[in-house]
Amino acid sequence: MTERLATRKLSRTRKGLLLAVAALLALGTALLSFGPTVDRSKRPTAQDIALARGLIDQVKAAQAAGKPVDLDLDNRELRALSALVTDAAGHRKVAAEVREGVFTARASLPLVAGLWFNASATIAGTHEGFPEFRLKLGHVPLPPSLSRRSADLARWWLARKGVELPELDRTVRGFEVGASTVSARLALPRSTGLVGHMVSA
């Protein structure tokens, strides 16, 4: 009797392990890929650096004056910023573009054994405050409520890095995506370390 119970217990344990392995494999298949969705191997050009520096100086001037800053970015400026961030991030890759009224930001992070974690966020339309966006992790799209929570998590992570930002709706006062441009109204406090992190990178 005891031997039979032990056999049943072992069988249940094996089934549980098999289910756990199957769940991990399914999760890995949904979240991971064998290649990046961002293809960027070129170093930023002098023009990229000049464009990015101009944008950063514009933000710093408004920050010093304690006023919001209005940024209007086209694909040329978005490519310049993406090139600088990618160059500073090592093997990690980022890209941003506006196409047919949709702003898309993508990121690819290398893992082990040739695997990559890819993520993307898309925004469309006009928004007061921090914009609603659609976040996709690997092949899994998240609902808008979880996407907003991920933005709050990113703000918390920046705070751990010494970047002090107000609430998202106070930092991003407005966001509008046009046919080929994106406009953002930002209000950064004088004490935040965000611009300093960008400049040092």
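See above for the structure.
Things to note about the environment of Gly 66
Position of Gly 66 among the secondary structure elements: in the loop between helix 2 (46-65) and strand 2 (69-74). According to the relative accessible area criterion, Gly 66 is partly exposed, its value standing at 49%. Along the chain, Gly 66 and Leu 188 lie 122 residues apart, while their C-alpha atoms are 7.7 Å from each other.

Re the pairing of strand 4 (residues 102-110)
Where a strand is regular, its side chains alternate between the two sheet faces. Bridge analysis of strand 3 (residues 93-99) against strand 4 gives 7 bridges, and the strand direction is antiparallel. Looking at the pairing, Lys 93 lines up with Ser 108 of strand 4. What sits between strand 3 and strand 4 in their antiparallel hairpin is a turn of 2 residues, with Glu 100 showing a positive phi close to 55°. The antiparallel hairpin formed by strand 4 and strand 5 (residues 116-124) contains 5 residues in its connecting segment, where Ala 113 sits at a positive phi of about 55°.

What to know about the packing of aromatic side chains
Enumeration over the complete set of coordinates arrives at 2 aromatic pairs. For the ring pair Phe 130 and Phe 133, a centre distance of 6.2 Å and an interplane angle of 80° mean the geometry is edge-to-face. Exposure class is identical for Phe 130 and Phe 133. Each is buried.

Notes on the packing of helix 2 against helix 3 (residues 75-88)
For any two helices packed against each other, one specifies the inter-axial angle together with the distance between the axes. Interhelical geometry of helix 2 versus helix 3 gives an angle of 100° and a closest axis separation of 8 Å. Relative to helix 3, the element helix 2 is oriented roughly perpendicular. From helix 2, Gln 47, Asp 48, Ile 49, Leu 51, Ala 52 and Leu 55 reach across to helix 3, where they touch Arg 76, Glu 77, Ala 80, Leu 81, Ala 83 and Leu 84. Taken together, the residues of the contact of helix 2 with helix 3 sort by class into 8 nonpolar, 1 polar and 3 charged.

Quick notes on the nonpolar core
Within the largest apolar cluster, 27 residues are counted, with the highest numbers of intra-cluster contacts made by Leu 78, Phe 103, Phe 133, Phe 175, Val 177 and Val 182. Sorting the residues of this core by element identifies helix 2, strand 2, strand 3, strand 5, strand 9 (172-177) and strand 10 (181-186) as the ones contributing at least two each. Leaving out residues up to four positions away in the same chain, Phe 175 has contacts with Phe 103, Ile 123, Gly 125, Thr 126, His 127, Gly 129, Pro 131, Val 182, Ser 183 and Ala 184.

What about helix 4 (residues 144-160)?
Compared with the 24 Å implied by 1.5 Å per residue over 17 residues, the 25 Å span of helix 4 between its first and last C-alpha is a close match. Directly beyond the C-terminal end of helix 4, a positive phi value near 95° is found at Gly 162.

Considerations on the sheet that holds strand 9
Ordered by their spatial adjacency, 4 strands build an open sheet running 2-10-9-6, and the pairing between neighbours is antiparallel. The open sheet terminates on both sides in strands that have one partner only, identified here as strand 2 and strand 6 (126-128). Averaged over all neighbouring strand pairs, the angle between strand axes comes to 10°, with direction disregarded. Of the strand pairs in this sheet, strand 6 and strand 9 are connected by 3 bridges, and their pairing is antiparallel. Bridge assignment links His 127 to a residue of strand 9, and that residue is Phe 175. Relative to strand 2, helix 3 is tilted by about 95°, and along the sheet it contacts strand 2 and strand 10.

Cut-offs and rules
Residues numbered from 1 in each chain as written. Predicted model: local features only at pLDDT ≥ 70, side-chain atom pairs only at ≥ 80, totals over all residues. Heavy atoms only, no water. Helix = DSSP H or I, 4+ residues; strand = E, 2+ residues; numbered from the N terminus. Buried < 20%, exposed > 50% of the residue type's maximum accessible area, 1.4 Å probe, protein only. Pairing = 2+ DSSP bridges. Phe/Tyr/Trp six-rings, centres within 6.5 Å; stacked < 30°, edge-to-face > 60°. Axes fitted to C-alpha atoms, helices over the stretch in contact; angles between N-to-C directions. Parallel < 35°, antiparallel > 145°, perpendicular 65-115°, else oblique. Contact = heavy atoms within 4.5 Å. Nonpolar A, V, L, I, M, F, W, Y, C, P; charged D, E, K, R; others polar. Core = buried A, V, L, I, M, F, W, Y, C linked by side-chain atoms within 4.5 Å. Expected span 1.5 Å × (residues − 1).

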